[in-house]
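Structural features, examined
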Amino acid sequence: MMKILVVEDDLEINQLVTKYLGKEGLEIDSAYDGQEALSFIFKNEYQLVILDMMLPKLEGQEVLRNIRKNKTIPVIILSAKDREMDKILGLELGADDYMSKPFTIGELIARVKAQLRRYTKFNSNAAVGEAEFIQHGDLNLNMETFEVTVSGQRKSLTAKEFAILKLFLTHPTRVFTKSQIFERVWREESISDDNTVMVHINRLRAKIEKDQSNPVHIQTVWGFGYKLGELG
């Protein structure tokens, strides 16, 4: 059974989300503040976290930062803040999806199922019929443990960041447009003005590149998209 943690301090919203996700056959734990959330996360194995940003004791941003230091599980943000910059910040911190309040329970369920499908498929694909390691210069990607190291130092990536990096490493000569990356990794039709891919690429570069202004692993092909860098 897939296990989800709902982190929401509003009792009514928490109970509503828990109730309807439970009807979908999912196992749900509920946390009502940031400290309680981290206690749950590091004692249990979850396949998804639904996270409110405005939490007592420890804000959602800090909870998300702590998750990303150790885990690659998908995180869906629920927030009353609906400005574009708030959404971009959430993605930059490591969220996989962002929903503004108020929201419909039907859309939330659909997004939860979509994230769980991708997470499950990504993990099952990586476990069967693939090389254990993929290397690119000083970068090493472990397909069994989902760990990435650069010059021997472990880098904590989100599931989406890992999937993007894997896409480039398994297609070393191909140039991908932002739309193609979005459709391959998110498995949804791309939105022409969507900057989600750019945000994730920038965040990924910050973790794996020694010099973001002169990237070695993921390079920009101006006017087209991105490709794996060619090593001398």
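Please read these numbers as outputs of a predicted model, since none were measured by experiment. (Residues numbered from 1 in each chain as written. Predicted model: local features only at pLDDT ≥ 70, side-chain atom pairs only at ≥ 80, totals over all residues. Heavy atoms only, no water.)

**A look at the overall build of the protein**
Helix and strand counts for the protein stand at eight helices and twelve strands. Scaling as 2.2 N^0.38, a compact globule of 232 residues should have a C-alpha radius of gyration of about 17 Å, and the protein matches this with 18 Å. Counting only C-alpha atoms and orienting by the principal axes, one finds that the protein spans roughly 55 × 35 × 30 Å. Considering the protein as a whole, with its 232 residues, one finds that 48% of them fall into the buried category. If you take every contact in the protein between residues at least 6 apart in sequence, the share linking residues at least 24 apart comes to 56%. (Helix = DSSP H or I, 4+ residues; strand = E, 2+ residues; numbered from the N terminus. Rg over C-alpha atoms; globule rule 2.2 N^0.38 Å. Buried < 20%, exposed > 50% of the residue type's maximum accessible area, 1.4 Å probe, protein only. Contact = heavy atoms within 4.5 Å.)

**Details of the side chain of glutamate 161**
Secondary-structure assignment places glutamate 161 in helix H6 (residues 159-169). Within the structure, glutamate 161 has its side chain in polar contact with the side chain of arginine 203 (distance 2.2 Å). In contact with glutamate 161, other than residues within four places in its own chain, are Ser156, His200, Arg203, Leu204 and Lys207. (Polar contact = N/O pair within 3.5 Å; in protein donor to acceptor, adjacent residues only side chain to side chain.)

**Some words on the environment of lysine 207**
For lysine 207, the location among the structural elements is in helix H8 (residues 196-208). Through-space distance from the C-alpha of lysine 207 to that of glutamate 161 is 9.8 Å; in sequence the pair is 46 residues apart. Excluding residues within four positions of it along the chain, lysine 207 makes contact with Lys155, Ser156, Leu157, Thr158 and Glu161. In terms of polar contacts, lysine 207 uses its side chain to reach the side chain of glutamate 161, at 2.8 Å.

**A word on the confidence of the model for the protein**
Note that predicted coordinates carrying low pLDDT should not be read in detail. Taken over all residues, the pLDDT of the protein has a mean of 86, while the share at 70 or more is 92%. Confidence drops under pLDDT 50 across residues 126-130; counting only partners more than four residues distant or on other chains, this segment forms five contacts. (pLDDT = per-residue confidence, 0-100.)

**Observations regarding the pattern of salt bridges**
Applying the stated criterion across every chain, the model contains 17 salt bridges. One salt bridge in this structure joins aspartate 138 and lysine 210, with 3.8 Å as the shortest N-O distance. Here the residue aspartate 138 occupies a position in the loop between strand E6 (133-136) and strand E7 (139-142), and lysine 210 occupies one in the loop between H8 and strand E11 (218-221), the gap between them amounting to 72 residues. The class for aspartate 138 is partly exposed, based on a relative accessible area of 29%. The closest approach of N and O atoms between glutamate 230 and lysine 227, which form a salt bridge, is 3.6 Å. In this structure glutamate 230 comes out as exposed when scored by relative accessible area, which is 68%. A relative accessible area of 13% means that lysine 227 is categorised as buried. Among the charged side chains, a salt-bridge network with shared partners connects Lys3, Glu27 and Asp29. (Salt bridge = Lys/Arg side-chain N within 4 Å of Asp/Glu carboxyl O.)

**Notes on the sheet that holds strand E1 (residues 3-7)**
Read from one edge of the open sheet, five strands run E2-E1-E3-E4-E5, paired in parallel fashion. A strand with exactly one partner marks an edge of an open sheet, and here the two such strands are strand E2 (27-31) and strand E5 (97-100). When the angles between neighbouring strand axes are averaged without regard to direction, this sheet yields 15°. Pairing geometry for E1 and E2, over five bridges, is parallel. (Pairing = 2+ DSSP bridges. Axes fitted to C-alpha atoms, helices over the stretch in contact; angles between N-to-C directions.)

**Describing the environment of glycine 94**
As for its position among the elements, glycine 94 is in the loop between helix H4 (84-93) and E5. As a C-alpha pair, glycine 94 and glutamate 188 span 94 residues in sequence and 19 Å in three-dimensional space. When residues no more than four places from it in sequence are discounted, the contact partners of glycine 94 are Leu64, Arg68, Thr158 and Arg203.

**What about the sheet that holds strand E10 (residues 175-176)?**
The strand order E10-E12-E11 describes an open sheet built from three strands, whose pairing is antiparallel. Two strands bound the open sheet, and with one partner strand each, they are E10 and E11. Where E11 lies against strand E12 (residues 225-228), four bridges are found, and the strand directions are antiparallel. Looking at E12, one finds that glutamine 219 is bridged to lysine 227.

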